[in-house]
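Here is what each chain is made of, one letter per residue.
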Amino acid sequence: EDHRFPLVTVQFDINGAGPMYEPAGQPGLSGATARLLAEGTKTRTSKQIAEQIDSLGASLSASAGFGSGSTVVAASGLSDTFEQWFALTADVLLHPSFPADELAQYQARAKSALLQQHSQPGFLANQTMSRALYGTYPAAVVSATPESLDSLTSATLAEWHDKHYAPQNTILAISGDVHAETLIPKLRQWLAEWQRSKVPVNFPPGPPPASKEKIFLVDRPGSVQTTLLMGNLAIDRTNPDYPALVVLNEVLGAG
């Protein structure tokens, strides 16, 4: 609780709905599902959602970044209109319709972005490094492909949503001008229809670090500079040395 300003921020972190759990051959499925949540529900069009969010002075977004096991749905706005914009957020989260015309526009934009990505030496270097470090582990995948984007349909997005957007795997974080004792009962009421899924969330074990040096070269004719990356798998986030390593990297010049 923070009552200094009349603002509230909400974030749903939905484990099991991120790219780390995507089926082989379908990279980008979770990202497309997240991006199209706000492009239409069973009772609202994309335009209506955007206009209502704007009229309430709120913001709403959803994303599923490569390398993550989660989809994040985030919203924020004034505490005076909290119930209204939270209801809209819940509608987007629970009742997306994934309209075919909005999906087609998304596919066109995403394929154009892919072309631009693959023209950037930094992206090519990161893609190569991820594949070298992770091998067949899901974190090796850092982007969709034209083929995987073309394979997306409204039905596949709806199926992914129904299976993987599960309340038992979700952390809901709320901060700002709210009172927990009155808010929590309302949340139970507003989200009561959100049904559990039977799909388990089993995070795959990570690969071992590389045991000998390897060199990977991406030849990009016409480049006037070289992008050089070096690395290996190190400690995980639960290691007690993690904070010290972050500080060490900053001292070395990270960022």
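In case you missed it, the structure is sitting above this.
Residues numbered from 1 in each chain as written. Predicted model: local features only at pLDDT ≥ 70, side-chain atom pairs only at ≥ 80, totals over all residues. Heavy atoms only, no water.

### Quick look at the environment of Pro243
Here Pro243 shows up in helix H9 (residues 242-252). Residue class for Pro243 comes out exposed when judged on its relative accessible area of 52%. (Helix = DSSP H or I, 4+ residues; strand = E, 2+ residues; numbered from the N terminus. Buried < 20%, exposed > 50% of the residue type's maximum accessible area, 1.4 Å probe, protein only.)

### Re the packing of aromatic side chains
Scanning the entire structure with this criterion turns up seven aromatic pairs. On the basis of an interplanar angle of 90° and a centroid distance of 5.1 Å, the ring pair of Phe82 and Trp85 is categorised as edge-to-face. Taken together, the positions of Phe82 and Trp85, both in helix H3 (residues 82-94) and three residues apart, correspond to about one turn of that helix. Members of the aromatic cluster, joined through ring pairs, are Phe12, Phe82, Trp85, Phe86, Trp190 and Trp194. (Phe/Tyr/Trp six-rings, centres within 6.5 Å; stacked < 30°, edge-to-face > 60°.)

### Focus: the nonpolar core
The biggest cluster of nonpolar side chains holds 46 residues, and the ones touching the most others in it are Phe12, Trp85, Leu93, Tyr106, Leu152, Leu157 and Tyr165. Residue contributions to this core peak at eight residues, all from H3. Excluding residues within four positions of it along the chain, Leu157 makes contact with Leu29, Ala32, Thr33, Leu36, Phe98, Leu103 and Leu152. (Core = buried A, V, L, I, M, F, W, Y, C linked by side-chain atoms within 4.5 Å. Contact = heavy atoms within 4.5 Å.)

### Some points on the side chain of Ser46
When you line up the elements, Ser46 lands in helix H2 (residues 46-55). When residues no more than four places from it in sequence are discounted, the contact partners of Ser46 are Ala38, Glu39, Gly40 and Glu102.

### Examining the sheet that holds strand S3 (residues 70-78)
If you walk across this open sheet you meet the four strands as S2-S3-S1-S4, and the pairing is antiparallel. One side of each edge strand has no neighbouring strand; the edge strands of this open sheet are strand S2 (59-63) and strand S4 (170-176). Here the average twist between neighbouring strands, direction ignored, is 10°. Bridge count between strand S1 (residues 7-15) and S4: seven bridges; the pairing is antiparallel. Along S4, the bridge assignment pairs Asp13 with Ile171. (Pairing = 2+ DSSP bridges. Axes fitted to C-alpha atoms, helices over the stretch in contact; angles between N-to-C directions.)

### Focus: the pairing of S2
Relative to S3, S2 runs antiparallel, the two being bridged by five bridges. In the sheet register, Ser59 faces S3, and the bridge partner there is Ser76. Joining the antiparallel neighbours S2 and S3 is a turn of six residues, in which Gly67 adopts a positive phi near 90°.

### Brief notes about H2
Buried residues of H2: Ser46, Ile49 and Ile53, and no others. In an axial view of H2, the angular spread of the buried residues amounts to 65°, which keeps them on one side of the axis. Pointing more than 90 degrees away from the buried face of H2 are the exposed residues Lys47, Asp54 and Ser55. In the core, the buried residues of H2 are packed alongside S2, H3 and helix H4 (100-117). Immediately beyond the C-terminal end of H2, within one or two residues, lies Gly57, with a positive phi of roughly 65°. (Arc of directions from axis to C-beta.)

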